[in-house]
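# Remarks on the overall topology
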Amino acid sequence: PYGVVTSIRSLVEAGERGHCPKLSIAGLDLLQLIHTRMETLVIQKESELLLHCWNPTVDAVAEPAEKSRNGNVRQHALTLLTDMVLDRHGSCIPLLSLCEIMNSVCVPIAGERITDLLRIPRN
């Protein structure tokens with residue numbers, strides 16, 4: 001059932017290409033819904049299956065958090081990404097996998113966002 005992440009990711013990208021931030025944000029909201037539905041895997045303590053479903057969802061949210069040209073889309077994706085890592089689902093992911101996601105996804109995105117903020121001229 002989580003194969004739909006690829007289709008939703010295309011929806012978010014289409015919103016980006018078409019300069020339609022509402023479409024991208026709607027796609028991100030669908031990814032959040034899918035993430036919320038993973039609760040059954042958390043309850044059943046299916047950490048390997050959760051990881052298998054969770055990683056593509058995290059990647060799909062991380063891409064617009066890093067690359068979107070629209071500030072609202074970027075901010076929405078960053079908020080969702082933070083929530084995904086910090087909520088109950090993230091606590092059920094094996095520690096080594098969580099560290100890998102932090103190092104390969106979260107830290108680089110945070111670094112890029114900080115660098116971009118430092119480039120903004122102050123009035």
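Residues numbered from 1 in each chain as written. Predicted model: local features only at pLDDT ≥ 70, side-chain atom pairs only at ≥ 80, totals over all residues. Heavy atoms only, no water.

### Points about the overall build of the protein chain
Along its length, the protein chain carries seven helices and zero strands. Helices and strands appear in the protein chain in the N-to-C order α-α-α-α-α-α-α. Computed over the C-alpha atoms, the radius of gyration of the protein chain is 15 Å, within 12% of the 14 Å expected from 2.2 N^0.38 for a compact globule of 123 residues. Principal-axis analysis of the C-alpha atoms gives the protein chain an extent of 50 × 30 × 15 Å. (Helix = DSSP H or I, 4+ residues; strand = E, 2+ residues; numbered from the N terminus. Rg over C-alpha atoms; globule rule 2.2 N^0.38 Å.)

### What about the nonpolar core?
Ranked by size, the top nonpolar core spans 30 residues in total, and within it Leu28, Leu31, Leu50, Trp54, Val61 and Leu81 carry the most contacts. Contributing elements (two or more residues each) for this core: helix 1 (4-17), helix 2 (21-37), helix 3 (39-43), helix 4 (47-67), helix 5 (71-86) and helix 7 (95-119). No other element matches the nine residues that helix 4 contributes to this core. The contacts of Leu50, once residues within four sequence positions are left out, are Met38, Leu41, Val42, His89, Cys92 and Ile93. (Core = buried A, V, L, I, M, F, W, Y, C linked by side-chain atoms within 4.5 Å. Buried < 20%, exposed > 50% of the residue type's maximum accessible area, 1.4 Å probe, protein only. Contact = heavy atoms within 4.5 Å.)

### Concerning the environment of Asn103
Within the element layout of this structure, Asn103 appears in helix 7. Residue class for Asn103 comes out exposed when judged on its relative accessible area of 57%. Counting along the chain gives 37 residues from Asn103 to Glu66, while the straight-line C-alpha distance between them is 14 Å.

### Comments concerning the state of the cysteines
Structurally, a disulfide amounts to a covalent bond that connects the sulfur atoms of two cysteines. A complete count under the given rule lists zero disulfides for this structure. There is no disulfide at Cys92, and the cysteine sulfur nearest it, in Cys53, is 13 Å away. (Disulfide = S-S within 2.5 Å.)

### Observations regarding the pattern of salt bridges
A complete count under the given rule lists four salt bridges for this structure. With a closest N to O distance of 2.2 Å, Asp116 and Arg113 form a salt bridge. With Asp116 and Arg113 both in helix 7 and three residues apart, this pair spans about one turn of that helix. Residue classification places Asp116 among the partly exposed positions, given a relative accessible area of 27%. Here Asp116 and Arg119 are joined by a salt bridge, their closest N and O atoms 2.9 Å apart. Highlighted residues: Asp116 and Arg119, both in helix 7, separated by three residues, approximately one helical turn. Taken together, the shared-partner salt bridges in this structure form one network comprising Arg113, Asp116 and Arg119. (Salt bridge = Lys/Arg side-chain N within 4 Å of Asp/Glu carboxyl O.)

### What to know about the packing of helix 1 against helix 2
Two elements in contact, helix 1 and helix 2, have axes separated by 6 Å at closest approach and are oriented at 160 degrees. One way to sum up the angle between helix 1 and helix 2 is to call them roughly antiparallel. Here helix 1 and helix 2 pass one another in a crossing that is left-handed. Contact with helix 1, carried on its side by Val4, Val5, Ile8, Leu11, Val12, Ala14, Gly15 and Glu16, involves Pro21, Leu23, Ser24, Gly27, Leu28, Leu30, Leu31 and Ile34 of helix 2 and no other residues of that element. For the contact of helix 1 with helix 2, the per-class residue count stands at 12 nonpolar, three polar and one charged. (Axes fitted to C-alpha atoms, helices over the stretch in contact; angles between N-to-C directions. Parallel < 35°, antiparallel > 145°, perpendicular 65-115°, else oblique. Left-handed = near helix turned anticlockwise from the far one by under 90°. Nonpolar A, V, L, I, M, F, W, Y, C, P; charged D, E, K, R; others polar.)

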